[in-house]
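Chains, contacts and geometry: an overview
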Amino acid sequence: MGKQNELGVTPMSEDVSAWYNELVFKAELADRGPAKGTMVIRPYGYRIWELLQEQLDQRFKDTGHENAYFPLFIPQSYLQREADHVEGFAPELAVVTHGGGKELEEPLVVRPTSETVIGEMYSRWIASYRDLPVLINAWNNVVRWELRPRIFLRTTEFLWQEGHTAHADEADAMEETLKMFGVYQEFVRNVAAIPMVAGEKTPGERFAGAVRTYTIEGMMRDGKALQSGTSHYLGTNFAKAFDITFQDRDNEVRHVHTTSWGMSTRMVGAVILAHGDDAGLVLPPRLAPIQAVLVPIGRGDQGDAPRTKAYELADRLRAAGVRVHVDDRDASPGFRFNDWELKGVPLRIELGPRDLEAEQVLVAQRVGEVDDRGRPVKEAVGFDALATFVPERLDAYHDQLLQRAIAFRDEHSGPADDWATFGSLVERGFAAALHCGRTVCEDDVKARTGATPRCIPTDGADERGPCVACGEPSAYGKRVVFAKAY
RNA sequence: CGGGGUGUGGCGCAGCUUGGUUAGCGCACCUGCUUUGGGAGCAGGGGGUCGCCGGUUCGAAUCCGGCCACCCCGACCA
């Protein structure tokens, strides 16, 4: 545990890892479960997940998908049908060997992902080209045994959504893969205010069983990358393993082409690590359980009027669609200010006897201009203007956070044309370099610097040359982004 | 599985080296009074099988042996 400041949290500037761990507990986002690697998501943290879910789910529905649910238990033999898939997941499976007091004839694995059960079901449901495409998404929990858990980032059980679609041909399936890849990119930018580097995974980093894997990689405040969402084109790998076929217009029986795509509770960790600061959480408004907190000031007779007014203003804000909370706890103003800053609430609205007289409130932004004492500059807003002011300000604040994150990412990224530059860049952020694409060389880079290839950015320019690490001719015709990753 | 560390009221820690009053401190909690524009004050109060098992001893939180758990750093990973 690091040196804690007066908030009881190690400053982020001092030790990001300690800061993250302490903040997750202090801000009441989550707690550790009794079994190693498990987490309890507390109401404040779960609300962030719910907001994320609602907005992501809407996008899935808008692109023609329907939700369904598939079982938690999968016969062990199913996992084994796709060679790469078993190999990839075998080390992290939880296996149930007993049920009802008896040893099972065939062990059941607790799903680490659902390609296999879904493949089995799709093979039953699909017979004709008229049945295609199948566009289904599932919200569920999965289990992957973790050697080194970290709350939200890597837990043995986590929540996510997994989309699974089946198509008549490669073109259609690739279109779907890229469409959902695009949905994730748009979502993280417009909802989570995180600019991500989007691109394709190198063969060594591909999903087990995928032909192509696309990823969005966010930059955290310590310059490390966090894989935050993936979209896979699975080709006919699962169709062949599970015999998912259809009869086409020309009477030919063909295998379907499938895709899968997912985003998990890890995204909550991405929000914490991409926006937070020494004072605690910084939540983007579209994911903030509380977007504006009203803090009435004054005690006893002095406090009655501000409190009453605060509730009245809260009603008006709520009517304007703002998630608002009145904090009239019997605690000092300073305590309450710090508390909501720790919890990352975008706007604080102060209302004391002096303001009441002036028919106004003071609005302070969680991240924004500060005075020479480091305190936020507070803006006076008249009572009647508040309900239009707040929603506008929340949108502007979202843009500010996004711009701040873009600037941070750009300051910590750059091209690396020689080994020395590469080494120093991955110490503080992302390095874009030409690479030979050989897995042995990727492993060597990892051993020497700790960095791994995160992706081949989709928007990268055509470029060829010697590999930054070994000098062999570069692969992919583009630069690869390398970084240390969570 | 390697390397490091920690287990003492809800949380954070001290005490252990050199065994010996009733195991202490801060925060949190409860009661009362005063207090409220950047973590309020005073007074009173409740709360502990000192991770577990065994050993040494007149006596163990403290010494010895074993075990367990968790955390951090590496190898696998959304």
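Here we summarise the structure given alongside this text. (Residues numbered from 1 in each chain as written. Chains lettered and ligands numbered in written order. Predicted model: local features only at pLDDT ≥ 70, side-chain atom pairs only at ≥ 80, totals over all residues. Heavy atoms only, no water.)

To continue, consider the packing of helix α2 (residues 43-62) against helix α6 (residues 170-190). At a closest axis distance of 11 Å, the pairing of α2 and α6 adopts a crossing angle of 145°. The chirality of how α2 crosses α6 is right-handed. Of the residues in α6, those touching α2 at Leu52, Gln55, Leu56, Arg59 and Phe60 are Met180, Val183, Tyr184, Glu186 and Phe187. The residue makeup of the contact of α2 with α6, split by class, is seven nonpolar, one polar and two charged. (Axes fitted to C-alpha atoms, helices over the stretch in contact; angles between N-to-C directions. Helix = DSSP H or I, 4+ residues; strand = E, 2+ residues; numbered from the N terminus. Left-handed = near helix turned anticlockwise from the far one by under 90°. Contact = heavy atoms within 4.5 Å. Nonpolar A, V, L, I, M, F, W, Y, C, P; charged D, E, K, R; others polar.)

As for its placement among the helices and strands, Ser474 is situated in the loop between β22 (452-457) and β23 (480-483). Ignoring any residue separated from it by four or fewer positions in sequence, one finds Ser474 in contact with Leu434, His435, Cys436, Glu463, Arg464, Gly465 and Cys467.

According to the stated counting rule, one finds 31 salt bridges in the structure shown. Notably, a salt bridge pairs Arg409 with Asp410, separated by 3.2 Å at the nearest N-O pair. A relative accessible area of 45% means that Asp410 is categorised as partly exposed. Note that Arg479 and Glu463 form a salt bridge whose closest N and O atoms lie 2.8 Å from each other. Of this pair, Arg479 sits in the loop between β22 and β23 while Glu463 sits in the loop between β22 and β23, and the two are 16 residues apart along the sequence. (Salt bridge = Lys/Arg side-chain N within 4 Å of Asp/Glu carboxyl O. Buried < 20%, exposed > 50% of the residue type's maximum accessible area, 1.4 Å probe, protein only.)

A separate point is the protein's contact with RNA strand B. The full set close to RNA strand B counts 42 residues, and Arg299, Ser332, Phe335, Arg348 and Asp355 are the nearest of them. Residue Ser17 places a side-chain N or O atom 3.4 Å away from a phosphate oxygen belonging to RNA strand B. Per-element accounting of the surface near RNA strand B gives the leading share, seven residues, to helix α10 (residues 333-342). Looking at the surface near RNA strand B, its residues break down into 12 nonpolar, 10 polar and 20 charged. (Near = heavy atom within 4 Å. Polar contact = N/O pair within 3.5 Å; in protein donor to acceptor, adjacent residues only side chain to side chain.)

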